[in-house]
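Here is how the chains run, residue by residue.
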Amino acid sequence: MIIHNVRILGGEPVDIRIADGVVAEVGTGLTGGEVIDGQGAVALPGLVDLHTHLREPGREDAETVLTGTQSAARGGYTAVHAMANTSPVADTAGVVEQVWRLGREYGLCDVHPVGAVTVGLDGRQLAELGAMADSAARVRVFSDDGKCVSDAVLMRRALEYVKAFDGVVAQHAQEPRLTEGAQMNEGVVSGRLGLTGWPAVAEEAIIARDCLLAAHVGSRLHVCHVSTAGSVEILRWAKSKGWNITAEVTPHHLLLTDDLVEESPAGAYNPIYKVNPPLRTRADVEALRAALADGTIDVVATDHAPHPVEDKETEWSAAAMGMVGLETALSVVQEAMIDTGLLDWAGVADRMSAAPARIGRLAGQGRPIEPGSPANITLYDPSVRTEVDPSAFASKSRNTPYTGMTLPGRVVATFLRGKPTVLEGKLA
Amino acid sequence: MNRHLISAGDLTRDDALLILDTAEELARVSERSIKKLPTLRGRTVVNLFFEDSTRTRISFEAAAKRLSADVINFSAKGSSVSKGESLKDTALTLEAMGADAVVIRHGSSGAPHRLANWVHGSVVNAGDGTHEHPTQALLDAFSMRRRLGSLDGRRITIVGDVLHSRVARSNVLLLHTLGAEVTLVAPPTLLPVSVDTWPCAVSYDLDGVLPKSDAVMMLRVQKERMNAAYFPSEREYSRRYGLDRDRFAKLPEEAIVMHPGPMNRGMEIAAEVADSPRSTIVEQVANGVTIRMAVLYLLLGGEIA
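Residues numbered from 1 in each chain as written. Chains lettered and ligands numbered in written order. Predicted model: local features only at pLDDT ≥ 70, side-chain atom pairs only at ≥ 80, totals over all residues.

(A) Looking closely at the overall build of chain B. From N to C terminus, chain B includes twelve helices and nine strands. For 305 residues, the compact-globule estimate of 2.2 N^0.38 gives 19 Å, and the C-alpha radius of gyration of chain B, at 19 Å, lies within 12% of that figure. Each of the three principal axes of chain B carries a C-alpha extent, and together these read 55 × 45 × 35 Å. Residues classed as buried in chain B amount to 50% of the 305 residues present. (Helix = DSSP H or I, 4+ residues; strand = E, 2+ residues; numbered from the N terminus. Rg over C-alpha atoms; globule rule 2.2 N^0.38 Å. Buried ≥ 20, exposed ≤ 12 C-beta atoms within 10 Å, placed from the backbone.)

As structure tokens, then:
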């Protein structure tokens, strides 16, 4: 198969020959076999998400492995890490293998389960991390995401323990006592709206502590969904020490601010903007963009968090936290990073494919598009602008904050080891 | 005026003055032997209370009945349905019943905003979480105006748990709109971190502020705040921020003392201060009915000729 006329990382137009799921040749004027017209689209290595909620098992009303991987493919992803906060919790080899097998069966996108750090995510006892690592799912990323491993001793032990199998602990940094009943970023808007504040320090204090712990025991640490300017400063300092720390930012924290809770086309107090960590201020958004550009933040991760309509169509305090993100991630990153000149396509390929694959220890993902690499490829047309229409999502859920917004770009095609999962913007 | 009354901040100066002037006219009705007006005959007002608040509900009920509206009291407390589902479902039920106005009291900040998306009638916020309570601010302004005259340039001090107080938020916004100078006094733990962006002054020193106050409004302090470490003990709170007899003596001669109720006598306010002739606390209750009549009248009946 030949993909004709694409621009790898936005470069000069070339053709890509794929054979047996591997990139066989990159050049011009290639002929022979089936031809797909790339129409000058940007070719990126297939995107890798370090932070996805697929909801299965337990909340199949919100998302399943099937609809979640369909959504991922539509968003240009060839691999996702499925978070552990399912029901039952992914804290045993049995659960992670089930999720992994479903992903393999559907074949739309590689599904790499994240294992829980503690049994039942309850922060008391380490889950059998080794059993999950040794299972068929080969778990390397461990997280209690949604909850913080707040106990310092337990966090230390987890960081140490996963070294035995080159694992990484991905921390949801949220000091629980400082965020009891917290509803939104603590600041000017929360004060006016009378919503319990979620101070930046609750995130920053945990990140600082975890960086020091990781340095002390010589472990890898990954920080989930960094949301504040202060967190960026701490990470910059920790990285300057040469410590083995990585961090991610979500697309929504690169674009949206807490003002939307007070004033938006969706009305005040609309829980579509309720998310954990909360939307912050413009200054935080600017700091996060700069940190992603200079590499202080390594990765864009979606934190795709599907919720059924009834969990969002409520008063603010009763609503679920989270936003879907797989199908809008690349467009939001283009808006926040490419169109602002902060990153080029090579930078996007690094932050959304190579770096997350490296952190998740995925050998077959995030490789440059060159002969010998598995043919995981995303074709993206950055020249169009379209209005976000949630009814067109492949995801089962519609809780996007971008409804009605006009965003740039469109995923044209996605290839998973040479097999098209999306063509002409539709599931293949 | 807007179709709804959800935030005191939505009222322009003209809106606010219209409500206060309308209330003055309606107050004369309350002085008659027959207190009822036919204005809202055939209109339905629903009191939708998700929190217990007998005094506020009764006040709205009396206001609606004096205007001849049909009143339905809907107490949603203790419903087995999850809170979120019941708010939208309840809204649709009220909509089907043809409510012209829904008066809502809810424990979640912003619930009236959400309700307004789902009903066609007017939504009146009777207190939402720790956000706002606009009719309380209007009745407070009405009470102050009756005692002090115009509020332009008047110095109003609000003391207590500002962080959790819907009364304080609405009062700051409305009093600012009416030209008063507001000073908030509280321990720093009970002020929002962003209070410096509000249109008012802030002080931690009640004794310093009292001599320069035309009215002082004491907020209820809930004892459970002590357990959450907002202040060390009731006694210490009372010593530093309570309005006792000695502090009362520091007020200018004509200054008035207010409290939205219910009071903790001996905590934020001493009994003899609450019962003094300069206290407007009982008037505030009476004025509550009048101001709510004015609000319902203007939202449902149009402007007064």
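(B) A look at the sheet that holds strand β8 (residues 215-218) of chain B. All names here are of chain B. Read across the sheet, five strands follow the order β7-β6-β5-β8-β9 without closing on themselves; strand pairing throughout is parallel. Of all strands in the sheet, those bounded by a partner on one side alone are β7 (201-203) and β9 (256-258). Shown here is a sheet whose adjacent strand axes are inclined to one another by a mean of 20 degrees, direction ignored. Summarising the sheet, strand β5 (residues 155-159) and strand β6 (residues 181-185) pair through five bridges and their orientation is parallel. (Pairing = 2+ DSSP bridges. Axes fitted to C-alpha atoms, helices over the stretch in contact; angles between N-to-C directions.)

(C) Layout of the domain arrangement of chain B. Residues and elements named next belong to chain B. By domain assignment, chain B separates into domain 1 (8-132 + 288-301) and domain 2 (134-284). Relative placement of domain 1 and domain 2: their C-alpha centres are 25 Å apart. Listed per partner, the contact involves 20 residues of domain 1 and 18 residues of domain 2. Put simply, the parts of the chain that give the side of domain 1 that touches domain 2 at least two residues each are α1 (13-30), β4 (122-128) and α12 (281-301). With five residues, the top contributor of residues to the side of domain 1 that touches domain 2 is α1. Looking at side-chain class alone, the side of domain 1 that touches domain 2 contains nine nonpolar, six polar and five charged residues. (Domains from an automatic or database assignment. Contact = placed C-beta atoms within 7 Å. Nonpolar A, V, L, I, M, F, W, Y, C, P; charged D, E, K, R; others polar.)

(D) Fine view of the pairing of strand β13 (residues 245-249) of chain A. Residues and elements named next belong to chain A. Most of β13 is tucked away, with five of its five residues classed as buried. Neither face of β13 is open: one carries I245, A247 and V249, the other T246 and E248, and all of them are buried. Bridge count between strand β12 (residues 221-223) and β13: three bridges; the pairing is parallel. Counterpart to L221 in the pairing with β13 is I245. You can see the chain leave β12, run along helix α7 (residues 229-240) and come back into β13, and the turn it takes is right-handed. (Right-handed = clockwise from strand over helix to strand, strands pointing away.)

(E) Focus on the packing of α1(B) against α12(B). Residue and element names in this part refer to chain B. It is the contact of α1 with α12, at a shortest axis distance of 8 Å, that shows an interaxial angle of 115 degrees. In the packing of α1 onto α12, the handedness of the crossing is right-handed. In this structure, α1 contributes L18, I19, T22, A23, L26, A27 and S30 to the contact, and α12 contributes T290, I291, M293, A294, V295, Y297 and L298. Classifying every residue of the contact of α1 with α12 by side-chain character gives eleven nonpolar, three polar and no charged. (Left-handed = near helix turned anticlockwise from the far one by under 90°.)

(F) Spotlight on the pairing of strand β1 (residues 44-49) of chain B. All names here are of chain B. Most of β1 sits inside the fold, with five of its six residues counted as buried. Judged from the six bridges that link them, β1 and strand β2 (residues 70-75) form a sheet pairing that is parallel. Within β2, the residue paired with V45 across the bridge is V71. Where the polypeptide runs from β1 across helix α2 (residues 54-66) and back to β2, its parallel neighbour, the crossover connection is right-handed. Bridge analysis of β1 against strand β3 (residues 101-106) gives five bridges, and the strand direction is parallel.

(G) Structural context of the environment of A63(B). All names here are of chain B. Tracing the sequence through the fold places A63 in helix α2. Residues A63 and V282 lie 219 residues apart in sequence; the distance between their C-alpha atoms is 17 Å. Ignoring anything within four residues of it in the chain, the contact list for A63 reads V289, R292, M293 and L296.

(H) View of the sheet that holds strand β16 (residues 406-416) of chain A. Residue and element names in this part refer to chain A. Taken in spatial order, the eight strands of this open sheet run β3-β2-β1-β4-β15-β16-β17-β18, and their pairing is mixed. Among the strands making up the open sheet, the edge pair consists of β3 (22-27) and β18 (426-427). With four bridges connecting them, strand β1 (residues 2-8) and strand β2 (residues 13-19) associate as antiparallel partners. When the sheet's bridge partners are listed, I3 is paired in β2 with I16. Set on the sheet, helix α11 (residues 329-338) makes contact with β15 (377-387) and β16; between it and β16 the angle comes to about 125 degrees.

(I) Examining the environment of T135(B) more closely. Residues and elements named next belong to chain B. Locating T135 in the fold gives a position in helix α5 (residues 134-148). Measuring from C-alpha to C-alpha, the distance between T135 and T56 comes to 9.7 Å, with 79 residues separating the pair along the chain. Leave out the neighbours within four places in its chain, and T135 touches A126, I291, R292 and V295.

(J) Here's a closer look at the interface of chain A and chain B. With 19 residues of chain A in contact, the opposing surface of chain B contributes 24 residues. At three residues, helix α5 (residues 188-193) of chain A tops the list of elements feeding residues into the side of chain A that touches chain B. Looking at the side of chain A that touches chain B, its residues break down into eight nonpolar, seven polar and four charged.

(K) Structural detail: unusual backbone geometry. Note that the residue after S87(A), namely P88(A), is joined by a cis bond; omega there is 5 degrees. Inspection of the secondary structure puts P88(A) in the loop between β6 (77-82) and α2 (93-106). The omega torsion of the bond from N276(A) to P277(A) falls at -5 degrees, within 30 degrees of zero and hence cis. Even without glycine at this site, N5(A) takes up a positive phi of about 60 degrees. By the secondary structure assignment, N5(A) is in strand β1. The backbone of A229(B) sits at a positive phi, close to 65 degrees, despite the residue not being glycine. Mapped onto the fold, A229(B) is located in the loop between α8 (224-227) and α9 (234-241).

(L) How the structure looks around the packing of α5(B) against helix α6 (residues 166-177) of chain B. Residues and elements named next belong to chain B. Where α5 contacts α6, the two axes come as close as 8 Å, and the packing angle between them is 55 degrees. Taken together, the axes of α5 and α6 are oblique relative to one another. Note on packing geometry: the crossing formed by α5 with α6 is right-handed. For the pair α5 and α6, contact is made by P134, Q136, A137, L138, D140 and A141 and by V167, S170, N171, L174 and L175, respectively. (Parallel < 35°, antiparallel > 145°, perpendicular 65-115°, else oblique.)

(M) Spotlight on the environment of A208(A). Residues and elements named next belong to chain A. On the secondary structure map, A208 appears in helix α6 (residues 200-217). Exposure remark for A208: the 19 C-beta atoms within 10 Å place this residue in the partly exposed category. Between the C-alpha atoms of A208 and D259, which are 51 residues apart in sequence, the distance is 27 Å.

(N) Focus on the nonpolar core. Residues F142(A), L288(A) and V333(A) are the most contacted members of the largest nonpolar core, which totals 135 residues. At seven residues, the largest contribution of residues to this core is made by α11(A). Apart from residues lying up to four places away in sequence, F142(A) is in contact with V114(A), G115(A), V117(A), L129(A), A158(A), V162(A), G167(A), V169(A) and A170(A). Counting 93 residues, the second largest nonpolar core, distinct from the first, contains V45(B), V102(B), V124(B) and L184(B). (Core = buried A, V, L, I, M, F, W, Y, C linked by C-beta atoms within 7 Å.)

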